Amino acid sequence: MTSTQTRHTLSELERGVPFADRHIGPDTDGLARMLTSIGVSSLDDLAARALPDSIRDTEPVATTLPDAATEAEMLAELRTLADRNTVTVPMIGLGYHGTRTPSVIRRNVLENPAWYTAYTPYQPEISQGRLEALLAFQTTVSDLTGLPVAGASLLDEATAAAEAMTLLRRAGKSASPRFVVDADTLPQTLDVLRTRAEPLGIELEVADVSGGLPDGEMYGVLLSYPGASGRIADPSSLISEAHDRGALVVVAADLLALTLLSPPGELGADAAVGSTQRFGVPLGFGGPHAGYLSVGEKQARQLPGRLVGMSRDADGNPALRLALQTREQHIRREKATSNICTAQVLLAVMAACYAAYHGPDGLAAIARRTHRMSAVLAAGLRAGGVELENDAFFDTIVARTPGRAAEVVRNAHEAGIALRPMDSDTVGVSCSELTTVEHLHRVWAAFDVEVSDVDALDESTSDALPDGLLRTSEYLTHPTFHDFRSETSMMRWLRRLADADLALDRTMIPLGSCTMKLNAASEMEPVTWPQFAELHPLAPEADSAGTREMITQLERWLTELTGYHAVSVQPNAGSQGELAGLLAIAAYHRSRGDHERDVCLIPSSAHGTNAASAVMAGLRVVVVGTDGRGDVDLDDLHAKIAEHGDRLAALMITYPSTHGVYEAQVRDVCTAVHDAGGQVYVDGANLNALVGVARPGAFGGDVSHLNLHKTFCIPHGGGGPGVGPVAVAEHLAPFLPGRGEVGAVSAARYGSPGVLPISWAYLRMMGPDGLRRATLTAVAAANYVARRLREYYPVLYAGEDGSVAHECILDLRKITKDSGVTVDDVAKRLIDYGIHAPTMSFPVAGTLMVEPTESEDVAEIDRFVDAMIGIRAEIDRVAAGEWPVEDNPLRGAPHTVACLVDKWDRPYTREVAAYPTGATPGVHDRKVWPPVRRIDGAHGDRNLVCSCPPPEAFA
Ligand SMILES: *Cc1c(COP(=O)(O)O)cnc(C)c1O
C-alpha cells in the first residue's frame, strides 16, 4: 500500500489535509471528470474561457489575507482574539439582556446542522418542522403582545420599529406625514427610525409624551413600554388620544415584561414591536436576534416579511406554509411593503423553543425573578441614600449619583459588572434572568451602599409594577407551551421537527442565487464561545478588543477581495446592504449639490429586493429591459439614460447576472452610467462566481453588498441570520452607515457580529488560493450540470463562449406547454427522490435555476442530475398520453406513506410513486418521506390562521 505513495515532507505531514479539500466537494478525479465533460483542460482554462477578459484578474490580487490556515491553526488564532474580549455580567440593558440559552436548545438547534443549514421554507412540504417552530414563535409574540397576527421575525428591534412606522402609514387614513416617537425610546431605535424616515418624506418628531401628545396632525405614534429609562407609564390614554386624532399607534414592548404587564393589544395599540433576544438568544455583541412585529387582523395584509400560516394538503390534512406571499418584494418589487427577505429564522426558532421549554409559568417566574431583583436593588440603593428616577419599572432603574457616575461604573466594572453610564450624574442598571443576589451586593458596593440583610429588605419591598397595568389575561395556553417541559420531550420535539425537513445535512440544495454551500463545523464552533456570545454591544470599548480586531480584519479582507476601498458589516441582511449602499449614493449626490438625481435604473431580471430597496432610499425605479441573451439591453439602457439625463442617480445591476451569466459588456454598462453622472451599484449576492477571479470594484462598481450567508458560509438558518456588508469605492466611504453622513441601518453598530467568526474562519482557512479554487470549482459544477442536462431541459442563457457562471437556468416553459407538467410538479417530484428543489420561477417564470456550489461532490451532483433525467422520462410519458395530466407521479408528488397505504386507484404504481424510476442506485437508502402532500397555498390565504391552532384542528 505504502510503496506507491509519494513522499511527503514533515511539514506537509504535520499540516494534514488542507481545509479547502474538505470544503470543496469534488476530489481530483471528480474534478477531472467534470472538466472533461465540459471540454476544458483545467480550472485556469475554464477561467480563461468562461470569464470575459474585461473583468478577469489575470494576476493574483495582493491581499493581506494570509495563506490558508489549518482548522486547528484557525481555531487557535481565533481563540487568541476571543481571549482579548472581557466578558462581564451584563447589566447595561437598553434592549440587550442577559439570558440563559437552555443547553438542550443550544445543542439541538443553534449547534445542529439539521436546523442551521436549512433554507427558507419556500418548499413547505419539506419544511413542516421549521414552519411549526415559527408558528410557535408567532404564537408567542401574538399571545404576549395581545395582538392577533405576528410575523415570523424581523431583523432586529430597531428595523422592526422602522417597518411599523411605514406599516402604520400604509394602514392608516391620515394624510399627515408626521410620526411622533416617545423620547424615552431606545437610542438605537431612534437612530434607525431617523435613517429610514428621511428618504420617505416622513416627518419624525421625537417628543416627551409624558404630558400628552404634541399638538398638530400626525399619522402615527410610537410609544415605549417600558421606556429606555425603565419607566413604565400606562399608554392607554395616549393611545385613545392618538386614535381620536386620526393616528395609529405602535408600542415598543419588552416580551418578558409582558408576562406580568397588560399587553399593548389590550391597551388599544394597533401594533407592537420589539426584540426576542432575551428569550434564550446570546447577546453576541449586538446580534443576530429576532425582532418582532405584531398587528391587528385588519393590518395582516400590510405586514412586512414572512408570515407562516395554516393551510391543507392534497389529502385535506392540515399543513403549514408561508402565507400571503404576494405581499413580498419578490412579487411586488417596487410596490412591496418592505424590502425584507432574509430575516432571523434560526433565532426566532430559538426564542420559540425557549418559550415552549419554560411555558407560561416558567416565563412568568423568570420575569418575576428579574423584577424582584431590580425592585430589591432599587430599595437597597434608596435605603443607602441614592435617589432613583422612576417609581414604576420592570427591570431597569436609573440612579442619580451627582458627579460620580463614571466612578460608580468603574467600581462595578472592577467587580465584573457592566452598568450603563448615562451622563456624569446618572447610571442605569438592568436586571435579567442572570442576575443573582451576589450581583446585587456588587452593584450596591459600587455605589458605596451596603445591605446587610437582603432577606429582610426583600420582605419589606413591594413590587414596582403599576397596579393598574398588571396582566390578567392568559397566554401560551396551547399544548406546544406545555408538552415539552422536560428535557427528554424537548429533545424529541426538536428531533421530530428536524426530521420533517430537508436541510443540507441530508441533501444538496441546488438553489440558484442562494449558494447553499458547506457551513463547516470549525466555522460554527466559535459562535457559541462565551467570549463572543456573551458580549454586550454597549460594553466598554476595551472589553470587545478581540471581536473588533476580528471585524477589522474581516472588513479588510472583504475590501481587498471585492476591489473596493472600505466595507461596513453593519447591514444585517442583503436587503439592508442594498439600502445602505443606495443611501450612500443618494447622500453622495446631495453632497455635490445634485439634488435632482433620484432615478434608479434596474434591469427587469433583478432580485425583488433591489427595487424595494431603491424605493426605501427615496429613489424612483425605472426598469431596463434585457436582450435575447438575458443581458442588459444596451439600446434600452442608452435610451433610459438619455431620457432621464441629469436625474440619473444609479444603476443597480447584479453580477454575474441573475441569469447566471458573466455579461461581457458590463464595463460598457458601467461607463455609460458614469458618463451620465450616475453611480453603479453591483449587487454582489452572486459573489461566489467572482471571489478570487474578478472584483466588482475593479470593473466599474461604486458600491456593492455581499451576502455573507451565501458566499461566505454563514448558514441560512431556515431564513436567517444573514449579514449583508456594504462595500464602497473611496468617494462613497464617508457615506457608509453610522459614520456621520448617513445614519444607522441596523440596531447594533456591527449588525450581527455574533456570526462574523464564521466568515472570518472561512477566509482564514481557505486563503487566497483556496478561495479562487472554490469559485472556479463552483463554476465548473454549474457548467457540468448544464452540460449533462441540456439535452433534457434547454439551458436558457449562456455567455459568449456558451458557458454559464455559477448557476444555470433550466427552461421548462415549452415542456410545460407540450405536456402540462409544471415547474411545481418537477420541484415536488424531486422530494420523492429525496432532493431539495432548485429555485423556482426566479428570475424567469416557468424555469428552475440550479446552483450546485463547490461543496457538492460529483456523486451528489450526479444524483441530482439523474433524478432530473428520470423526471424528464416521466414527463415524456405524460406528454405521450400514457398518464393523464391531472393524475401522474409528478402531479401526485410528493407522496406520503399515508397516501401509499391508503386505497390506491392511480394510473401509476405505488412503487413508481415511492421509488421513482431513473433514480441512481442507492436512492432507496436515502429515501425521504415528506410528512404532508402537496399544499394548497391559496386555501390558507383565504382562511388566514397564523398562530398555533387548537389541537382539534388536527383531529
Ligand atoms: C439573496 C439575494 C438578495 C437579498 O439578500 P437577503 O439577505 O435575503 O436580504 C439580493 N439580491 C440577490 C441577487 C440575491 O440573490
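Residues numbered from 1 in each chain as written. Predicted model: local features only at pLDDT ≥ 70, side-chain atom pairs only at ≥ 80, totals over all residues. Heavy atoms only, no water.

Worth spelling out the cut-off: UniProt positions are given in the numbering used here, feature names are shortened, and annotations may be inferred rather than shown by experiment.
With an unreviewed UniProt entry as reference, the chain is termed Glycine dehydrogenase (decarboxylating), source organism Pseudonocardia endophytica. Under the heading Sequence similarities (unreviewed entry), UniProt records this for the chain: "Belongs to the GcvP family." Annotation of the chain in UniProt includes, under Subunit (unreviewed entry), the sentence "The glycine cleavage system is composed of four proteins: P, T, L and H."

1. Regarding the overall build of the chain
Put simply, the rule is: Strands here are runs of E lasting at least two residues and helices are runs of H or I lasting at least four, both read from the DSSP assignment and numbered beginning at the N terminus. Throughout, radius of gyration means the C-alpha value; the globule benchmark is 2.2 Å times the number of residues raised to the power 0.38. For every residue, the accessible area obtained with a 1.4 Å probe (protein chains only) is divided by the maximum for its type, and the residue is called buried under 20%, exposed over 50%, and partly exposed between those limits. The contact rule is simple, with two residues in contact once any of their heavy atoms fall within 4.5 Å. Each accessible area is a Shrake-Rupley result for a 1.4 Å probe, and residues are judged covered by the shown protein chains and nothing else. Lys and Arg are tallied as positive, Asp and Glu as negative. Neither His nor the chain termini are counted. In this description, the location of a charge corresponds to atom NZ of lysine, CZ of arginine, CG of aspartate or CD of glutamate.
Scanning the chain for helices and strands turns up 31 helices and 26 strands. Its C-alpha atoms give the chain a radius of gyration of 28 Å, near enough to 30 Å, the size a compact globule of 955 residues would have. Overall, the chain is about 85 × 70 × 70 Å in size when its C-alpha atoms are taken along their principal axes. Buried residues in the chain amount to 65% of all 955 residues. Across the chain, contacts joining residues at least 24 apart in sequence account for 77% of those joining residues at least 6 apart. Accessible surface, the chain: about 33,000 Å² in total, of which carbon and sulfur atoms supply 49%. Charge separation in the chain, taken as the distance between the mean sites of 83 positive and 122 negative side-chain charges, equals 4 Å.

2. A closer look at the sheet that holds strand β2 (residues 149–150)
Put simply, the rule reads: For two strands to be treated as a pair, DSSP must find at least two bridges joining them. As a rule, the C-alpha atoms of each element are fitted with a line to give its axis, helices using only the stretch in contact, and angles between N-to-C directions run from 0 to 180 degrees.
Strand order in the open sheet formed by seven strands is β2-β8-β7-β6-β5-β3-β4, with mixed pairing between adjacent strands. Where the open sheet ends on each side, the last strands, each with one partner, are β2 and β4 (203–207). The pairing of strand β3 (residues 178–182) with β4 spans five bridges and is parallel. Counterpart to valine 180 in the pairing with β4 is glutamate 205. Together, β2, β7 (271–275) and β8 (291–295) form the strand contacts of helix α8 (residues 128–145), whose direction differs from that of β8 by roughly 60°. Set on the sheet, helix α10 (residues 187–197) makes contact with β3, β4 and β5 (220–225); between it and β4 the angle comes to about 155°.

3. Description of the pairing of strand β9 (residues 308–313)
In the case of a regular strand, side chains alternate between the two sheet surfaces. The element β9 is largely enclosed, with a buried count of five among its six residues. As judged from the five bridges shared by β9 and strand β10 (residues 318–322), these two strands associate in the antiparallel manner. In the strand pairing of β10, glycine 309 is matched with arginine 321. Hairpin connection of β9 to β10: four residues between the antiparallel strands, including glycine 316 at a positive phi of 85°. Examined bridge by bridge, β9 and strand β26 (residues 935–936) share two bridges and lie antiparallel to one another. When the sheet's bridge partners are listed, aspartate 313 is paired in β26 with isoleucine 935.

4. A short note on the UniProt feature "domain: Glycine cleavage system P-protein N-terminal" (unreviewed entry) in the chain
Sequence positions flagged by UniProt for "domain: Glycine cleavage system P-protein N-terminal" (unreviewed entry) are, in local numbering, residues 21–447 and 454–739. Within the segment residues 21–447, helix and strand shares are 38% and 15% respectively, and the terminal C-alpha atoms sit 57 Å apart.

5. Regarding the domain arrangement of the chain
Here is the rule: Boundaries between domains were set according to an automatic or database domain assignment.
The domain boundaries assigned to the chain delineate domain 1 (110–354), domain 2 (355–469) and domain 3 (526–766). Centre-to-centre separation of domain 2 and domain 3, based on C-alpha positions: 43 Å.

6. A short note on the sheet that holds strand β25 (residues 847–850)
Reading across from one edge, β23-β25-β24 is the order of the three strands in this open sheet, with antiparallel pairing throughout. Pairing within the sheet leaves two strands with one partner each, and these edge strands are β23 (808–811) and β24 (839–840). Strand direction decides the pairing type here: β24 and β25, joined by two bridges, are antiparallel. Its bridge partner being in β25, threonine 839 is matched across the sheet by methionine 849.

7. Some details on the pairing of strand β18 (residues 620–624)
What counts here: The handedness of a crossover follows from its direction of travel: if, with the strands pointing away from the viewer, the path from the first strand over the helix to the second runs clockwise, the crossover is right-handed.
Two strands pair when backbone bridges link them, and strand β17 (residues 599–603) and β18 are joined in this way by five bridges, in the parallel orientation. Paired with valine 599 across the two strands is arginine 620, which belongs to β18. Taken together, β17, helix α22 (residues 608–616) and β18 form a β-α-β motif whose crossover is right-handed.

8. Concerning the site of the ligand
We apply this condition: Proximity is defined per residue: any heavy atom of the residue falling within 4 Å of a molecule or strand makes that residue near it. Two N or O atoms form a polar contact when they lie within 3.5 Å of each other; inside protein one atom must be a possible hydrogen donor and the other a possible acceptor, and for residues adjacent in sequence the pair counts only when both atoms belong to side chains.
Among the 15 residues in the neighbourhood of the ligand, the closest are listed as Thr342, Ser513, Asp683, His709 and Lys710. In the environment of the ligand, an oxygen atom lies 2.7 Å from a nitrogen or oxygen atom belonging to the backbone of glycine 574. One nitrogen or oxygen atom from the side chain of histidine 709 is found 2.7 Å from an oxygen atom belonging to the ligand. Take the shell around the ligand: its biggest share by element is three residues, from helix α21 (residues 574–591).

9. Things to note about the UniProt feature "modified residue: N6-(pyridoxal phosphate)lysine" (unreviewed entry) in the chain
The UniProt feature table records "modified residue: N6-(pyridoxal phosphate)lysine" (unreviewed entry) at Lys710. Examined against the element boundaries, lysine 710 turns out to sit in the loop between β21 (703–706) and β22 (726–728). Classification of lysine 710 as buried rests on a relative accessible area of 9%. Excluding its chain neighbours within four sequence positions, the residues that come into contact with lysine 710 are Ser513, Cys514, Thr515, Lys517, Ala685 and His716.

10. A look at the pattern of salt bridges
In plain terms, the rule: Whenever a carboxyl oxygen of Asp or Glu lies within 4 Å of a side-chain nitrogen of Lys or Arg, that contact is scored as a salt bridge.
A complete count under the given rule lists 52 salt bridges for this structure. The shortest N-O distance in the salt bridge between arginine 933 and aspartate 315 comes to 2.9 Å. Within this pair, whereas arginine 933 is found in the loop between α30 (910–914) and β26, its partner aspartate 315 is found in the loop between β9 and β10, the two being separated by 618 residues in sequence. Of the charged contacts, one joins aspartate 499 and arginine 495 as a salt bridge, the two residues approaching to 3.0 Å between their closest N and O atoms. Of this pair, aspartate 499 and arginine 495 both sit in helix α17 (residues 487–499), four residues apart, which is roughly one turn of that helix. When its relative accessible area of 40% is taken as the criterion, aspartate 499 is described as partly exposed. Judged by relative accessible area, arginine 495 falls into the exposed class, the value being 55%.

11. Topic: the packing of helix α3 (residues 28–38) against helix α28 (residues 858–879)
Threshold: Angles are sorted into four bins: roughly parallel if under 35 degrees, roughly antiparallel if over 145, roughly perpendicular if 65 to 115, and oblique for all others. Only Asp, Glu, Lys and Arg are considered charged in this grouping, and only Ala, Val, Leu, Ile, Met, Phe, Trp, Tyr, Cys and Pro are considered nonpolar; every other residue, Gly among them, is considered polar.
Where α3 meets α28, the axes come as close as 10 Å, and the angle between the chain directions of the two elements is 45°. Classed by the angle they form, the pair α3 and α28 counts as oblique. Of the residues in α28, those touching α3 at Gly30, Arg33 and Met34 are Val858, Ile861 and Asp862. For the contact of α3 with α28, the class distribution of residues is three nonpolar, one polar and two charged.

12. What to know about helix α6 (residues 103–110)
Here is the rule: This arc describes the spread of directions from the helix axis toward the C-beta atoms.
Burial in α6 covers these residues: Val104, Ile105, Val109 and Leu110. One face of α6 carries all of its buried residues, which in axial projection span an arc of 160°. Contacts from the buried residues of α6 go to α7 (113–116), α13 (345–383), α17 and α18 (521–524).

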